[in-house]
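Read off the chains here:
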Amino acid sequence: MIDRRELLKTLCVAGGAAVVGKNLSAEQPAAGPAREAMGVLVDTTKCIGCRMCEFSCADAHKDAGLEFPEDVDFTAERATSEKQWTVVNRYETDRGQVYAKKQCLHCLQPACASACLTRAMHKTPAGPVAWTANKCMGCRFCMVSCPFDMPKFEYDSAVPRIQKCVLCWERLEEGKQPACVESCPSGALSFGPRAERLEEARRRIYAEPDKYVHHVYGEHEAGGTSWLYLASVPFEQIGLPTDVGDEPYPALTREFLYSVPFVEILVPTFLLALSAATKREKDREAAEANAEGEV
Amino acid sequence: MDATVGRIPRAGNEARRLGQFILQELKPRGKVLTPFNVISGALIVVAAVLLAIRFLKGLGAITNLSQDFPWGLWIGYDVMTGVAIAGGGYVLTFMVYVLHLERYHPIIRVTVLNAFLGYVFAAGSLLLDLGRPWNIMNPMIGNGFGVSSVLFLVAWHFFLYALMALVEFSPAAAEWLGLERIRRVLKGMTFAAVVLGITLALLHQAGLGGLFLMAKGKLHPLWYTEFIPVLFFVSSVFAGLSLVIVEGFISRKVFAPRLGWTLRRTHEDVTLGLGRVCAGTLFAYFFLMVVTLLHGQKWAYLATPMGAWFLLEIVGFVAVPAVLFAQGYRTRNVKTVQAAALMALAGVLLNRLNVAIIAYKPLAAVHYVPSWMEVEVTLAIIAAEIWVFRWVVNRMPVLDFAEVAPKVELAVRRTGAAAA
Ligand code: SF4
Ligand code: SF4
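Residues numbered from 1 in each chain as written. Chains lettered and ligands numbered in written order. Predicted model: local features only at pLDDT ≥ 70, side-chain atom pairs only at ≥ 80, totals over all residues. Heavy atoms only, no water.

Novice: An account of the pairing of strand 9 (residues 227-230) of chain A is requested, with residue identities and associated values reported.
Specialist: Residue and element names in this part refer to chain A. Burial along strand 9 is two-sided: the face carrying Trp-227 and Tyr-229 and the face carrying Leu-228 and Leu-230 are both buried. Pairing of strand 1 (residues 38-43) with strand 9, which is carried by four bridges, proceeds in the parallel orientation. Looking across to strand 9, one finds that Val-42 is bridged to Tyr-229. (Buried < 20%, exposed > 50% of the residue type's maximum accessible area, 1.4 Å probe, protein only. Helix = DSSP H or I, 4+ residues; strand = E, 2+ residues; numbered from the N terminus. Pairing = 2+ DSSP bridges.)

Novice: So what's going on with the side chain of Thr-93 of chain A? Residues and values would help.
Specialist: Residues and elements named next belong to chain A. By the element assignment, Thr-93 lies in strand 2 (residues 87-93). For Thr-93, a relative accessible area of 12% puts it in the buried group. Among the polar contacts made by the side chain of Thr-93, one reaches the main-chain amide nitrogen of Arg-95 at a distance of 3.1 Å. At 2.6 Å, the side chain of Thr-93 and the backbone oxygen of Gly-96 are in polar contact. Not counting residues up to four positions away in its chain, the partners in contact with Thr-93 are Val-98, Val-233, Gln-237 and Ile-238. (Polar contact = N/O pair within 3.5 Å; in protein donor to acceptor, adjacent residues only side chain to side chain. Contact = heavy atoms within 4.5 Å.)

Novice: Explain unusual backbone geometry to me, and be specific about the residues and the numbers.
Specialist: Of all residues except glycine, most have a negative phi; of all peptide bonds, most are trans. Of note, the phi angle at Leu-167 of chain A is positive, near 55°, even though the residue is not glycine. Within the element layout of this structure, Leu-167 of chain A appears in the loop between strand 7 (162-163) and helix 5 (169-173). With a phi close to 55°, His-100 of chain B is a non-glycine residue in the positive phi region. Taking relative accessible area as the criterion, His-100 of chain B reaches 11% and is therefore assigned buried.

Novice: Before we move on, could you go through the site of ligand 2 and cite the residues and values that matter?
Specialist: Around ligand 2, the structure places Cys-116, Thr-118, Ala-120, Met-121, Trp-131, Cys-136, Met-137, Gly-138, Cys-139, Arg-140, Cys-142 and Ile-162 of chain A. When the residues that make up the shell around ligand 2 are grouped by side-chain class, the tally is nine nonpolar, two polar and one charged. (Near = heavy atom within 4 Å. Nonpolar A, V, L, I, M, F, W, Y, C, P; charged D, E, K, R; others polar.)

Novice: Can you break down a positive patch on the surface residue by residue, with the values?
Specialist: Residue and element names in this part refer to chain B. On the surface, Arg-252, Lys-253, Arg-264 and Lys-335 cluster together into a patch of positive charge. Take Lys-335: it is sitting in helix 13 (residues 334-358). Overall, Lys-335 belongs to the exposed group, its relative accessible area being 60%. (Patch = residues over 30% accessible without salt bridge, like charges linked within 9 Å, V, L, I, M, F, W, Y side chains within 5 Å. Areas by Shrake-Rupley, 256 points an atom, 1.4 Å probe, with all protein chains shown as cover. Salt bridge = Lys/Arg side-chain N within 4 Å of Asp/Glu carboxyl O. Lys, Arg positive; Asp, Glu negative; His and termini not counted. Charge placed at Lys NZ, Arg CZ, Asp CG, Glu CD.)

Novice: Outline the site of ligand 1, listing residues and values.
Specialist: Residues in contact with ligand 1 amount to 14 residues; listed here are only the nearest, Cys-104, Leu-105, Cys-107, Cys-112 and Cys-146 of chain A. Grouping the amino acids of the shell around ligand 1 by side-chain chemistry returns twelve nonpolar, one polar and one charged.

So, in structure tokens, the structure goes:
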């Protein structure tokens, strides 16, 4: 029954979209109330740079072709890649060396998912932003849109995939924690409902106000992210972009998408009226020309 | 009874006649081993080899695309620029069928043909660029309606517009095949196709710009503006018409024997008239550029190297051709208008490459530069498009079609009579 209702709903939305053009909402629907959206808190003050998270990630996602590079000496900043969904970097900061893990932040209103024209990239109610192979056409618009440059593409494959952290959504469905969180020996990573993780982050700042910068990165950035960061130094010093703003990225396209149905209705109407008007004009001119010709 | 019995063999005969005719028409005409054919043929053969490698080994094998630069020349030129300069189709149908500017009727078919081919080849290039092209129909068949995506909007409007352009051109094909009854039906659909086509074209031209709305922070602030869809739309108007002007110039030389006398006769007037429209839209575009610059308070960037590059684009390739177009129109100098059209085309190319590539992540450590293989494939695609264009123009009534609007004919005849 539920399936049929779902199907009907989808069909209506799809039909409406095809007829009117687009739907009226640029944003992805917020996570349903049925399931609490999960999140991860990264406390960079606790990270010891052991790279266990990298290791366990590569191990948990062997099927996706991930690899764990052994020889990393932290001299150069590394970016995630199509073979590594997460990387730990070391930063020289005002307060000494700080290690910070990076991966897709699983935005609450993800740019990548709103960019995806097939919904291959999509936000799941539980929080993870996941990717579906049989939908993706490989246009790489998600890569252009993500403010954190997280989706990566397999340029060396004839059947390329979009690769990025999927927040172990399959493990989550089994009631497990993300692989990286489970393997973290220092307590730098902690998993739970996002709201609760946010509370915990605030609590740590209140408890040790001198230790932390008084800001939880990800609370508002790009409209809020599922991953939250605490640090002892300003976030730009540990490689997190601080110029993304607080507005959700899909909102940037909202006005344009809103205007589409109006254009689709008003322009043809206008064209018809204009055509009728100029035709009348032309006919009159022709008649006058003929009359003159006869004179 | 008799009638039905008789009709079936007749239909069979008709099909056979059509089949033979088409086979006959498929053969090349004229000299085959011309320098152009040899060079373009070689380009296409090399491209075929490169594309085989691309489909076997992945995009990385022949392109310089990277994780930081997911879109390169094939998107920046083949799709973004290709679609902009195919804009002549919807602008001219607007002028002829909506504004009833009959004077432009003689070039309507060649322009629509150009637009249609422009779209087909842009879509073809896109297929080469897509990582998983076998899924391209997904947003159409509903294996995921990404209705919140600007690209979804572009895909649908692009696809439907190409269909409309085909409908607009189809009477020419029917005439070529000698299918009078079908021609009349198709002709009857033209106006509806035009009205829908203009709307669809307007939206996907703007939508191509809209793709960069979420690239905030990646696109240099001088090019990033929330008005980018409007800028893309307006620039497609003069880009499309400029291509019509340049194509008219070339066709007159290359297809001289195919040229109808109306077209030959009105060539100068048409070029000048289009030049005037280009001048107007270019001035409007320049004005919009300046307004967005002031509105975003971005003038401080003008004093940087990227600022100089930006000024080169909007002064050298927008303001200058605008003045040239106006000048050419005023002094009735066709050469000036044609030169302006070339500059305006260069300007649109520059703009699309700037937005998609050059001013995209200007601070990146390793900036994308296309590989020679990407350039080669692009040239081959252009060559292939010219081949198809030439094939159609040499066979179908495109440059010399009979159904010139009676009013033009009348007007021309009248002046002709007066002259005689
Ligand atoms: S960080 Fe990028 S890839 Fe991850 S959810 Fe946000 S927009 Fe998508
Ligand atoms: S590359 Fe795939 S996942 Fe990314 S936007 Fe395109 S279709 Fe969606």
